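In case you want the letters, here they are:
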Amino acid sequence: KDIEYIRSYYYNKLELTRFSSSVGKYVGFTEYGVKNAAAWNNNPSELSAMKAQKEVYCLNNIQTDYTAAL
């Protein structure tokens, strides 16, 4: 429950848009990022694909990463 999947999009070291599994949608930080986030949030297949990434990437690798950290 305390694992969070975050996918950020940057350009010239400026974060434009971010998807966070705890929020469950994209959030834009610039004018361009807000437009992209709105378009992506209106696409149910994009949102469900990103929500599934937490299980696909994080939950399948947590034991390996935890063991390596210790």
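Residues numbered from 1 in each chain as written. Predicted model: local features only at pLDDT ≥ 70, side-chain atom pairs only at ≥ 80, totals over all residues. Heavy atoms only, no water.

Per an unreviewed UniProt entry, the chain goes by the name MHC class II beta receptor and belongs to Gasterosteus aculeatus.

Q: What exactly am I supposed to notice about a nonpolar patch on the surface here?
A: A contiguous nonpolar surface patch, about 240 Å² in accessible area, is contributed by Val23, Val27 and Phe29. With respect to the helices, strands and loops of the structure, Val23 is situated in the loop between strand S2 (14-20) and strand S3 (25-28). (Patch = residues over 30% accessible without salt bridge, like charges linked within 9 Å, V, L, I, M, F, W, Y side chains within 5 Å. Areas by Shrake-Rupley, 256 points an atom, 1.4 Å probe, with all protein chains shown as cover. Salt bridge = Lys/Arg side-chain N within 4 Å of Asp/Glu carboxyl O. Helix = DSSP H or I, 4+ residues; strand = E, 2+ residues; numbered from the N terminus.)

Q: Teacher, can you tell me more about the pairing of S2 here?
A: As a general feature of sheets, a regular strand has side chains that alternate between the two faces. When you tally the buried positions in S2, you get five out of seven residues, the bulk of the element. Taken together, the six bridges between strand S1 (residues 6-11) and S2 define a ladder with antiparallel strand orientation. Note on S2: the bridge partner recorded for Ile6 is Ser20. Hairpin remark: S1 followed by S2, antiparallel, with two residues in the connecting loop; positive phi at Asn12, about 50 degrees. (Buried < 20%, exposed > 50% of the residue type's maximum accessible area, 1.4 Å probe, protein only. Pairing = 2+ DSSP bridges.)

Q: Would you mind showing me how to read unusual backbone geometry here?
A: Most peptide bonds take the trans form, and the phi angle of most residues other than glycine is negative. Even without being glycine, Asn12 reaches a positive phi, approximately 50 degrees. For Asn12, the location among the structural elements is in the loop between S1 and S2. Its identity is not glycine, yet Lys13 carries a phi of approximately 65 degrees, on the positive side. Residue position: Lys13 is located in the loop between S1 and S2. A residue is classified by how much of its surface remains accessible, and Lys13, at 84% relative accessible area, is exposed.

Q: Looking at this structure, I do not really get helix H1 (residues 31-41). What am I missing?
A: Residues three or four positions apart in an α-helix share a direction because the helix packs 3.6 residues into each turn. Turning to H1, its buried residues are Gly33, Asn36 and Ala37. Down the axis of H1, the buried side of the element spans an arc of 100 degrees, and every buried residue falls inside it. Of the residues in H1, the exposed ones pointing more than 90 degrees away from the buried face are Glu31 and Lys35. Buried-residue contacts for H1 involve S2 and S3. (Arc of directions from axis to C-beta. Contact = heavy atoms within 4.5 Å.)

Q: What exactly am I supposed to notice about the sheet that holds S3 here?
A: Whenever strands of a sheet pair, they do so through backbone hydrogen bonds, lying parallel or antiparallel. Strand order in the open sheet made by the three strands is S1-S2-S3, with antiparallel pairing throughout. Two strands lie at the open edges of the sheet, namely S1 and S3, each paired on one side alone. Averaged over all pairs of adjacent strands, the angle between their axes in this sheet comes to 20 degrees, without regard to strand direction. Across four bridges, the pairing between S2 and S3 is antiparallel. (Axes fitted to C-alpha atoms, helices over the stretch in contact; angles between N-to-C directions.)

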